[in-house]
Amino acid sequence: MPIMGQLRAFGKGLSLPLIVYAPLSVISYFNEAYNGCFELIVGSCPQPPSYYHLPRLAALFVTLIFLIYAWGERGDHGSHERGFSKGLVLGTFLGVLTFLFFWFVGFWGWEDLI
């Protein structure tokens, strides 16, 4: 039964970052869809609001916290903490990819991806 304990710990570690990154990704999508502007030549974009960079800063902060937490929870080889730590790292990686996807889609729009 130790394999089931490791899988359960891995699942808990995987789900924790995704629970945090899912709403953060949606907030970033709407932030970019409403406030995003890109103009290299003319510079006609208005000044972004003060909260514009908060989703990205929050994602960076959460990523660092999760990776530091995973490093501290890695434990001995074969322990439940090691499974939790591996799940936490993988969940953080998938959460960052989800955040980046929603961020870019909010900035460029869905119609440019199809």
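Just so you know, these numbers come straight off a predicted model, no measurement behind them.

**Student:** What am I meant to see in the overall build of the protein chain here?
**Tutor:** What the protein chain contains, in helices and strands, is three helices and zero strands. Going from N to C terminus, the protein chain has its helices and strands arranged as α-α-α. Counting only residues that meet the buried cut, the protein chain has 29% of its 114 residues in that class. When contacts within the protein chain are restricted to residue pairs at least 6 apart in sequence, long-range pairs at least 24 apart make up 71% of them. Of the accessible surface of the protein chain, which amounts to about 7,800 Å², a share of 72% is contributed by carbon and sulfur atoms.

**Student:** I'm lost on a nonpolar patch on the surface in this one. Help?
**Tutor:** A cluster of nonpolar side chains, namely L18, F38, L40, I41, V42, L90, F93, L94, L97, L100, F104 and W108, defines an oily patch on the protein surface of about 1,200 Å² accessible area. Looking at the nonpolar patch, the element that brings in the most residues is helix α3 (residues 80–108), giving seven residues. Checked against the element boundaries, L94 lands in helix α3.

**Student:** Looking at this structure, how should I read the environment of K86?
**Tutor:** Take K86: it is sitting in helix α3. Under the relative-accessibility criterion, K86 is labelled partly exposed at 48%. Expressed as a C-alpha distance, the spacing of K86 and F10, which sit 76 residues apart in the sequence, is 6.5 Å.

**Student:** Looking at this structure, I do not really get helix α2 (residues 54–72). What am I missing?
**Tutor:** Helical geometry note: an α-helix holds 3.6 residues per turn, so side chains three or four residues apart project in the same direction. For α2, spanning 19 residues, the distance from its first C-alpha to its last is 27 Å, which sits close to the expected 27 Å at 1.5 Å a residue. Taken as a whole, α2 has its buried residues at P55, A59, V62, T63, F66 and A70. Take α2 and look down its axis: the buried residues cluster within an arc of 105°, on one side only. Relative to its buried face, α2 has exposed residues pointing more than 90 degrees away, namely L54, L57, L60, F61, I68, W71 and G72.

**Student:** Please clarify how the packing of aromatic side chains should be interpreted in this entry.
**Tutor:** Pairs of aromatic rings are described using the distance from one ring centre to the other and the angle between the two planes. Inspection of every chain in the model, using the stated rule, returns eight aromatic pairs. Look at F101 and F102: their rings are 5.7 Å apart centre to centre, the planes differ by 90°, and that puts the pair in the edge-to-face class. Aromatic rings pair up to connect Y29, F30, F101 and F102 into one cluster.

**Student:** Even after reading the chapter, I still don't get the side chain of S85, so can you show me in this structure?
**Tutor:** By the secondary structure assignment, S85 is in helix α3. S85 sits in the buried class, given a relative accessible area of 7%. Beyond its immediate chain neighbours, meaning those up to four positions away, S85 contacts A70, E73 and R74.

Procedures and definitions
- Residues numbered from 1 in each chain as written.
- Predicted model: local features only at pLDDT ≥ 70, side-chain atom pairs only at ≥ 80, totals over all residues.
- Heavy atoms only, no water.
- Helix = DSSP H or I, 4+ residues; strand = E, 2+ residues; numbered from the N terminus.
- Buried < 20%, exposed > 50% of the residue type's maximum accessible area, 1.4 Å probe, protein only.
- Contact = heavy atoms within 4.5 Å.
- Areas by Shrake-Rupley, 256 points an atom, 1.4 Å probe, with all protein chains shown as cover.
- Patch = residues over 30% accessible without salt bridge, like charges linked within 9 Å, V, L, I, M, F, W, Y side chains within 5 Å.
- Salt bridge = Lys/Arg side-chain N within 4 Å of Asp/Glu carboxyl O.
- Expected span 1.5 Å × (residues − 1).
- Arc of directions from axis to C-beta.
- Phe/Tyr/Trp six-rings, centres within 6.5 Å; stacked < 30°, edge-to-face > 60°.

Remember that the coordinates give geometry; whether it matters functionally is a separate question.
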